[in-house]
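If you want the building blocks of each chain, they are given just below.
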Amino acid sequence: MRVYITATAAADDVLKPKQAPSPPPPPQQQQAARRGCRSAVVTGLLAGVLLFRAALLAIEAGASLCPSSTGCLGWRAGLGDWLYGGGGGDAMEDELDAEMGVRNQGRGGFKELPDVHQYIRSQPAIATVSTQEFMKEWRRSYREASLLDPVVVEAAPDSLDALMAEMGAMLASYDRLDMEAVVIKIMAMLLKMDRKVQSSRIRALLNRHLASLGIPKSMHCLTLRLAEEFAVNAAARSPVPLPEHAPRLTDGSYLHVALVTDNVLAAAVVVASAVESSADPARLVFHVVTDKKSYVPMHSWFALHPASPAAVEVKGLHQFDWRDGDVVASVMRTIEEVQASSMDFHRCDGSAEREYRRLEASKPSTFSLLNYLKIHLPEFFPELGRVVLLDDDVVVRKDLAGLWGMDLEGNIIGAVGAHRPGADGGGVCIDKTFGDHLNFSDPALSMPSLGLHKSQCAWSWGVSILDLDAWRRTNVTETYQFWLQQNRESGFRLWQMASLPPALIAFGGRVQAIEPMWHLPGLGWRTPDAELVQFSAVLHFSGPRKPWLEVAFPELRQLWLSYLNASDSFLQGCGVVE
């Protein structure tokens, strides 16, 4: 059935009053009146359609137009039923019901909630007859529009003004307007808008990804200035730690903190925040392990900025003098496996897969050798029995003495997130699960002998306490290397290339859960509640928005910068602080 709009109804309405006949208007005025009437009708229809379509796009984009996701789902379900008829409405209702069920179940059972669909449908009908006719044609043409020729979509108008111009041209040429043609043209225009929105989203995500990978000019400047200072200033080359503090490095009565990083600025914040938060900073001993290229600026910084009364050791990978051949072979095996994985990861067929892997490989953490060498902490510190491990993107807000004194009950590592949901499903994971890191659809990971569960809560390196003596009595390091090789040989099907997934497997069953207050992750993804920040002992900026980047959340970036000395000449000269 085709629907047409003509000027007859409008003309009849004008002639309805039974009064004395008046002189007929000139032909030009009659034509203008018809065009104006038709334009008004079409404009009203288009305005309503585009308004509701914009609302749907906003909801899909995640705009906070409703106080809750349940409310948004209800609105979307109602609009979907109105715009598209029965098709799609049931799916949206199922989505709404599922969302309500999940939320209510989380509260301890299902509760009676208002019927959102009934509420929407009970609202007064405000659509005019013309709008109802148009919507019937819209629903009929909805499926046909999804099959539009791409050439038709590309030729669609780019704006409402352009669409109205085309409609005006059609009205000027014909006495009646084919509503099917109008619907097809509007559908093509909306599809074109959708594609532009999707393209913009992809570009925004890519730009944000690239922004999270770069090293700010200020950090480049700081590294170069510190290296220059090391060459010309004897103070920058002074021993770190001072000779009188050297015995602390192997004294088990001190609180030892390990930091494996090549980021000078990040290391400075970690050390400064831990010292400031400690009730007894003289008990702290920091062991900063870095690579050869970062050793000079790292040494220069801590030589010129001592963390007194705490002690800081800076050691490059090239300075470890392992005399045990087995230790050297083990470390070299890890290095060679990471290098082989990097080469194989970049070899793939298909442009889409190649581009995806190129982006993944561009993340600083993907093939950072220092990240993978954390598995050799027992070899780095052979004379220590226990150490606190911190990532370089953390801020310490509480005294670490409480973490240091925790009983690991015979386990190797204590970390937040090492909670396994109970048999009744009542457990709650603080962050991610094993299923978020590992591909359990692969038979190699789903073997019962491994004892791994998809719902098992995952931990992270970010904040942890390690019993190195217990570690040395196990084969955790060898297991880590084995699974690193297995992932490479499987074509990286077991997990996306990263240093944590093989550790989740290798430490399986040897992880002690610690209180969640010790680790607040995800500050590179979101801004948490102020109370949660105040309560947490260690803030972890895991995620792409690192605090030293311009894309960081402003309030969290200021918190991180507050642990740096704003009057420091190096920081001011390089624009790190203003």
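In short, a report on the structure.

Procedures and definitions
- Residues numbered from 1 in each chain as written.
- Predicted model: local features only at pLDDT ≥ 70, side-chain atom pairs only at ≥ 80, totals over all residues.
- Heavy atoms only, no water.
- Helix = DSSP H or I, 4+ residues; strand = E, 2+ residues; numbered from the N terminus.
- Expected span 1.5 Å × (residues − 1).
- Buried < 20%, exposed > 50% of the residue type's maximum accessible area, 1.4 Å probe, protein only.
- Polar contact = N/O pair within 3.5 Å; in protein donor to acceptor, adjacent residues only side chain to side chain.
- Core = buried A, V, L, I, M, F, W, Y, C linked by side-chain atoms within 4.5 Å.
- Contact = heavy atoms within 4.5 Å.
- Salt bridge = Lys/Arg side-chain N within 4 Å of Asp/Glu carboxyl O.

This part takes up helix 11 (residues 264-277). In this model, helix 11 (14 residues) spans 20 Å end to end at C-alpha, consistent with the 20 Å of a helix rising 1.5 Å per residue. Every buried residue of helix 11 is accounted for by Val 264, Leu 265, Ala 266, Ala 267, Ala 268, Val 269, Val 270, Val 271, Ser 273, Ala 274, Val 275 and Ser 277. Capping the start of helix 11 is the job of one residue whose side-chain oxygen sits 3.2 Å from the backbone nitrogen of Leu 265: Asn 263.

As a further point, take the nonpolar core. Soluble globular proteins tend to pack their nonpolar side chains together in the buried interior. Membership of the largest hydrophobic core comes to 65 residues, with the highest contact counts inside it found for Phe 286, Phe 302, Leu 390, Leu 400, Leu 403, Trp 560 and Leu 564. Per-element tally for this core: the top contributor is helix 11, with ten residues. When near neighbours in sequence (up to four residues on either side) are disregarded, Phe 302 contacts Val 240, Ala 267, Ala 268, Val 271, Val 288, Val 312 and Val 314. In this structure, Phe 320, Phe 381, Ala 458 and Trp 461 belong to the second largest nonpolar core, which totals 50 residues.

Another aspect to go through is the pattern of salt bridges. Side chains bearing opposite charge may pair, as long as their charged atoms lie close to each other. Taken as a whole and judged by the stated rule, the model has ten salt bridges. Note that Lys 293 is salt-bridged to Asp 262, the shortest N-O span being 3.6 Å. Here Lys 293, found in helix 12 (residues 292-304), pairs with Asp 262, found in the loop between strand 3 (255-260) and helix 11; they are 31 residues apart in sequence, far enough to count as distant. Overall, the relative accessible area of 35% leaves Asp 262 in the partly exposed class. With its nearest N and O atoms 2.9 Å apart, the salt bridge here joins Asp 469 to Arg 472. In this pair, Asp 469 and Arg 472 are both assigned in helix 19 (residues 468-472), three residues apart and thus about one turn of the helix distant. Taking relative accessible area as the criterion, Arg 472 reaches 34% and is therefore assigned partly exposed. What you see here is one network of salt bridges that share partners, running through Asp 262, Asp 291 and Lys 293.

Glancing now at the side chain of Thr 290. Tracing the backbone through its elements, the reader meets Thr 290 in strand 4 (residues 284-290). At 2.9 Å, the side chain of Thr 290 forms a polar contact with the backbone oxygen of Thr 261. When residues no more than four places from it in sequence are discounted, the contact partners of Thr 290 are Thr 261, Asp 262, Tyr 295, Met 298, Lys 315, Gly 316, Leu 317 and Leu 370.

With that out of the way, let us pick up unusual backbone geometry. Across residues other than glycine, the phi torsion is negative in most instances, and most of the peptide bonds are trans. The amide bond that connects Val 240 to the next residue, Pro 241, takes the cis arrangement and shows omega of 5 degrees. Structurally, Pro 241 can be placed in the loop between helix 10 (217-232) and strand 3. Between Ser 308 and Pro 309 the backbone carries a cis peptide bond, its omega angle lying at 5 degrees. Mapped onto the elements of the fold, Pro 309 is located in the loop between helix 12 and strand 5 (311-316). In the Ramachandran plot, Glu 409 falls in the positive-phi region, its phi being about 55 degrees despite a non-glycine side chain. By the element assignment, Glu 409 lies in the loop between helix 17 (401-404) and strand 8 (413-415). A residue is classified by how much of its surface remains accessible, and Glu 409, at 59% relative accessible area, is exposed.

So, on to the environment of Trp 459. If you trace the backbone, Trp 459 turns up in the loop between helix 18 (434-437) and strand 9 (463-467). The exposure class assigned to Trp 459 is buried, which follows from its relative accessible area of 3%. Between the C-alpha atom of Trp 459 and that of Thr 433, which follows or precedes it by 26 residues, the distance is 8.2 Å.

A separate point is the side chain of Ser 536. Here Ser 536 shows up in the loop between helix 22 (530-535) and strand 11 (538-540). Classification of Ser 536 as buried rests on a relative accessible area of 2%. Excluding anything up to four places from it in sequence, Ser 536 contacts Arg 397, Lys 398, Met 517 and Leu 520.

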